[in-house]
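The lines below spell out each chain.
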Amino acid sequence: MKRKKKTYLVLLVGALAALLAGVVEAPAQASSTATGVSRLMNPAISANALVLAQTSADDDAPAANGIDLQEAEMQFTSVVDPFWTANMILSFHRPEDGGDGLATEIEEASLTSRQMPAGLELKLGKFYLPFGKHALLHTHQWAFTHAPVAVQAFLGEMHDVGAELTTSLPLPWYADLKVYGTDGQVEGLFAAEDRDLAWGAHWTNLWDVSDNATLELGGSALTGPLALGRQQYIYGVDLTYKWTSGTRNFGPAVHWTSELYLPRADGRTGSPLGLYSIVQYRFARNWWVGVGGSIAQDTPPVEGHEAVRPDPDGTVDYREGKLAVTFAPSEFSDIRAEVSYIDTDQPGFEDLRFAVQWNFTIGAHPAHLY
Amino acid sequence: MRNGTIALLCAALLVGAVATPGAAAAKKLNVVATLTDLASIARSVGGDDVQVTALCPGTRDPHYLPAKPSLARKMSKADMLVYDGLELEIGWLPQLIRKARNPRIRPGAPGDVDCSRVITNLLEVPPATVDRSEGDLHPMGNPHYTLDPRNAEPIARLLADRMADLDPDHAEAYHRRAEAFVQTIEQHLPRWWEETAALRAHHVLIYHKHWSYLVNWLGLDKVGEIENRPGIAPSPRHVHEMIRKSRRLGDVVVICATWDDVDQVKEIARRIGAPLAVLPGHTGGVKEADTYVHFIDTICRRLAEAAAQLPE
């Protein structure tokens, strides 16, 4: 019996020693070819979450009264091989129909070329369609808790599967042209059947107004299939002015962006038009204030603001104004307080909302677009 | 629909055909450097055989340079991209490299020159585990090594080697100029050391870890940093603690960069009763710091002037 106990003890000590040796060896094995699981090749991983608390003058809009996880996002970025870089973005949010649980969505899963000739760049997969400025922003980059009503009405979440080609234009200033073709399956925008595709182009021009200021002018065009053989056409113009203090860290800064959308679908009713303008100003090291206005004319009722009686042709005009103050103690978190007002051309509909939003990012998050 | 498709395809082909073919035809080696310090060293090494552009002006903190697409345009024609590394430029350089669409300067390409690879005296390399509770730390070590002019010597030799690889016809000239630059630095080192001798008898309070290499090189006694967690505004309690500590010592020079909140630092210096040295953060940060050697000259002179205001 005693010998048996001794044997167990020896085995236990041996097992512990082996375990400890394994722990000590672990860092070396992390990059060892012998294990076949080198962590050195892991992609850059980051996560971001937005929590939104809001209250609305509309008591009958449960989604606008309460505290919720607005969206959580995970991003993976890595070089695939000498020829491609990959980017994948997963989004978790409330289902569009307002049901329980969380909907999961692949917002982006794309390959970008690394070795195209003549300065060309090719992107393949699912990606954000390059239409204007706002459509390319992730939720945590927005100036306000929600996108301008013009964006919600005419663009929505614009990601689709296809190919995009980018080139620089030989002009004396920075000029980029993107042309793309996609599957034509953008919810609320297209309704592709069979082999119908959506096509678009975006032309960006940027000038250095001074060492510290830039002016950007862009033009976008996009066309895709609608039901019953009709075709959707959308044209857009965007204008952005940015200025930052060139001599002082965290000094004053101004970002001013405006966009105009002109949807021209076959068989449309009225003259649909979307417009927004947003100004953000950094008035202290960690503090920003933002003011924005937006209109969406002759649009079907917008999600979240459906409690409206449309015109006989089924459309409605929205007008919206917003004011937000943001405190960003670091590059990786911020908290925002916002008041927004929206009304329509219909009597009896208006909404006043107050919101507070928390936002944080962890991990190796890629730098944002300029 | 078909007409629209054909028109878009034609447009794509047309822009592809007229796209700029790069700088293959350029006579001079086209060098783009992220920092003005590196650009100045590259000019000393490259002479008339290179054309050098700096992305971040010397008046700006390179942590926070806006990634303007116009900068990517400059990089699109570069044969060589010279950068500081250690993630100093991580907030904007990867984005610009991608936008430049220039395979000659991509990571791993012959034109990719990370100067941190030749720095042997890296400071403040964090322990194995690091998180952002300490602020926006650089996980590979303090990247502000150009503030120690001894580090300019291996950088010059690295640039000569890489320029010679890309432009073998002028290899001998690159190496000759690099050695001349090293000699210039060697000649100035004793003078800079002597000029700042008075300060070694006192103490310095620095705004940010930007000055760690300068403090280390000159053998200065550091009280602490005002911005103790990089990228995070210092708490009133920490600022008060730095003021209290400095007052107790009695002979402190406060150091900040031109891009810091100078009014705030002036107030801190006033409450301590200490002289303030506002220094250029990089070459070109002030008018007289127009080359790397003049940049170090300016720093040493301003430190000496501040030290002269302290009691004997």
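Model, not experiment: these values are computed from the prediction.

K.L.:
Hey, could you go over the overall build of chain A for me, with residue numbers and the actual values?
P.N.:
Looking only at helices and strands, one finds two helices and 16 strands in chain A. A burial count over chain A gives 31% of its 370 residues as buried. Taking as baseline every contact in chain A between residues at least 6 positions apart, the subset at least 24 positions apart corresponds to 54%.

K.L.:
Would you mind going over the nonpolar core in detail, with residue names and values included?
P.N.:
Grouped together as the largest cluster of nonpolar side chains are 88 residues, with contacts concentrated most on A42(B), V82(B), L159(B) and V254(B). Looking at this core, the element that brings in the most residues is helix 10 (residues 292–308) of chain B, giving nine residues. Shared between two domains, this core holds at least three residues of each, these being domain 1 (29–123 + 134–188) and domain 2 (196–308) of chain B. Once you skip the residues sitting within four places of it in the chain, V254(B) turns out to touch L205(B), V265(B), I268(B), A269(B), I272(B), A274(B) and L276(B). Listed in part, the 35 residues of the second largest apolar core include F131(A), A147(A), A150(A) and I234(A).

K.L.:
Now, about the environment of L165(A): what can you tell me, with residues and values included?
P.N.:
Topologically, L165(A) is positioned in strand 6 (residues 159–168). Judged by the 20 C-beta atoms lying within 10 Å of it, L165(A) is buried.

K.L.:
Go over helix 10 of chain B with me, naming the residues and quoting the values.
P.N.:
Residue and element names in this part refer to chain B. Between its first and last C-alpha, helix 10 extends 25 Å over 17 residues, near the 24 Å set by a 1.5 Å rise per residue. Listed in full, the buried residues belonging to helix 10 are Y292, V293, F295, I296, I299, C300, L303, A306 and A307. Buried residues of helix 10 fall within an arc of 165° about the axis and therefore sit on the same side. Away from its buried face by more than 90 degrees, helix 10 exposes E305 and A308. Buried residues in helix 10 make contact with helix 2 (36–46), helix 5 (152–166), helix 6 (171–195), helix 7 (212–218), strand 7 (252–257) and strand 8 (276–279).

K.L.:
I'd like a rundown of the interface of chain B and chain A, residues and numbers included.
P.N.:
In this complex, chain B contributes 41 residues to the contact, which on the side of chain A involves 36 residues. For the side of chain B that touches chain A, the secondary structure elements donating two or more residues are helix 1 (2–18), helix 3 (69–75) and helix 4 (93–100) of chain B. Counting residues per element, the side of chain B that touches chain A draws most heavily on helix 1 of chain B, which supplies eight residues. Here the residues of the side of chain B that touches chain A are counted per class, giving 19 nonpolar, twelve polar and ten charged.

K.L.:
With reference to specific residues and values, describe the packing of helix 2 of chain B against helix 5 of chain B.
P.N.:
All names here are of chain B. Two numbers describe how helix 2 lies on helix 5: the axes approach to 9 Å, and their chain directions differ by 55°. The orientation of helix 2 with respect to helix 5, classified from their angle, is oblique. Helix 5 is crossed by helix 2, and the crossing has right-handed handedness. Contacts between helix 2 and helix 5 involve L38, I41, A42, S44, V45 and G46 from the former and A152, I155, A156, L159, A160 and M163 from the latter. Taken together, the residues that form the contact of helix 2 with helix 5 break down as ten nonpolar, two polar and no charged.

K.L.:
Could you give an account of the sheet that holds strand 3 (residues 80–83) of chain B, with specific residues and numbers?
P.N.:
Residues and elements named next belong to chain B. What the four strands build is an open sheet, ordered 2-1-3-4; its pairing is parallel. Every other strand in the sheet has two partners, leaving strand 2 (50–54) and strand 4 (112–114) as the edge strands with one partner each. Between one strand and the next, the sheet's axes are offset by a mean angle of 20°, whatever the strand orientation. For strand 1 (residues 29–33) and strand 2, the ladder comprises five bridges, and the chain directions are parallel. Counterpart to V32 in the pairing with strand 2 is T53.

K.L.:
Tell me about the sheet that holds strand 8 of chain B, and name the residues and values.
P.N.:
All names here are of chain B. The strand order across the open sheet formed by four strands is 6-5-7-8, and the pairing between neighbours is parallel. Strands with a single pairing partner mark the edges of an open sheet, and in this sheet they are strand 6 (221–225) and strand 8. The sheet shows a mean angle of 25° between the axes of neighbouring strands, direction not considered. Relative to strand 7, strand 5 (residues 203–206) is paired through four bridges, and the arrangement is parallel. Of the residues in strand 7, the one forming a bridge with L205 is V254.

K.L.:
Break down the domain arrangement of chain B for me, citing the residues and quoting the values.
P.N.:
By a widespread convention, an interface's size corresponds to the accessible area lost as its parts come together. All names here are of chain B. According to the domain assignment, chain B contains domain 1 (29–123 + 134–188) and domain 2 (196–308). A separation of 26 Å is found between the C-alpha centroids of domain 1 and domain 2. Across the boundary between the two partners, domain 1 contributes 25 residues, which contact 26 residues of domain 2. If one sorts the elements of the side of domain 1 that touches domain 2 by residue count, helix 2 sits on top with four residues. Split by residue class, the side of domain 1 that touches domain 2 holds nine nonpolar, nine polar and seven charged.

K.L.:
Mind laying out unusual backbone geometry, listing which residues take part and the relevant values?
P.N.:
Backbone geometry at D298(A) places phi at a positive 55°, although glycine is not the residue there. On the secondary structure map, D298(A) appears in strand 13 (residues 287–299). We classify D298(A) as buried; it has 20 C-beta atoms within 10 Å. For E124(B), which is not glycine, the phi torsion reads 55° and is therefore positive. Position of E124(B) relative to the elements: it lies in the loop between strand 4 and helix 5. Residue E124(B) is classed as partly exposed on the basis of its C-beta count, with 14 C-beta atoms lying within 10 Å.

K.L.:
Can you explain the pairing of strand 12 (residues 273–284) of chain A? Please cite residues and give values.
P.N.:
Residue and element names in this part refer to chain A. Note that strand 11 (residues 253–263) and strand 12 share nine bridges and pair antiparallel. Looking at the pairing, A253 lines up with R282 of strand 12. For strand 12 and strand 13, the ladder comprises eleven bridges, and the chain directions are antiparallel. The partner of Y276 across the bridge, within strand 13, is S294. Counting the residues in the hairpin turn of strand 12 and strand 13 gives two residues.

K.L.:
Quick one: what's the story with the packing of helix 5 of chain B against helix 6 of chain B, residue by residue and with numbers?
P.N.:
Residue and element names in this part refer to chain B. Packing of helix 5 against helix 6 brings their axes to within 8 Å, and their N-to-C directions diverge by 175°. Looking at the two axes, helix 5 sits roughly antiparallel to helix 6. Note on element contacts: helix 6 touches helix 5 through A171, Y174, H175, A178, F181, V182 and I185, opposite A152, E153, A156, R157, L159, A160, M163 and A164.

Rules used throughout
- Residues numbered from 1 in each chain as written.
- Chains lettered and ligands numbered in written order.
- Predicted model: local features only at pLDDT ≥ 70, side-chain atom pairs only at ≥ 80, totals over all residues.
- Helix = DSSP H or I, 4+ residues; strand = E, 2+ residues; numbered from the N terminus.
- Buried ≥ 20, exposed ≤ 12 C-beta atoms within 10 Å, placed from the backbone.
- Contact = placed C-beta atoms within 7 Å.
- Core = buried A, V, L, I, M, F, W, Y, C linked by C-beta atoms within 7 Å.
- Domains from an automatic or database assignment.
- Expected span 1.5 Å × (residues − 1).
- Arc of directions from axis to C-beta.
- Nonpolar A, V, L, I, M, F, W, Y, C, P; charged D, E, K, R; others polar.
- Axes fitted to C-alpha atoms, helices over the stretch in contact; angles between N-to-C directions.
- Parallel < 35°, antiparallel > 145°, perpendicular 65-115°, else oblique.
- Left-handed = near helix turned anticlockwise from the far one by under 90°.
- Pairing = 2+ DSSP bridges.

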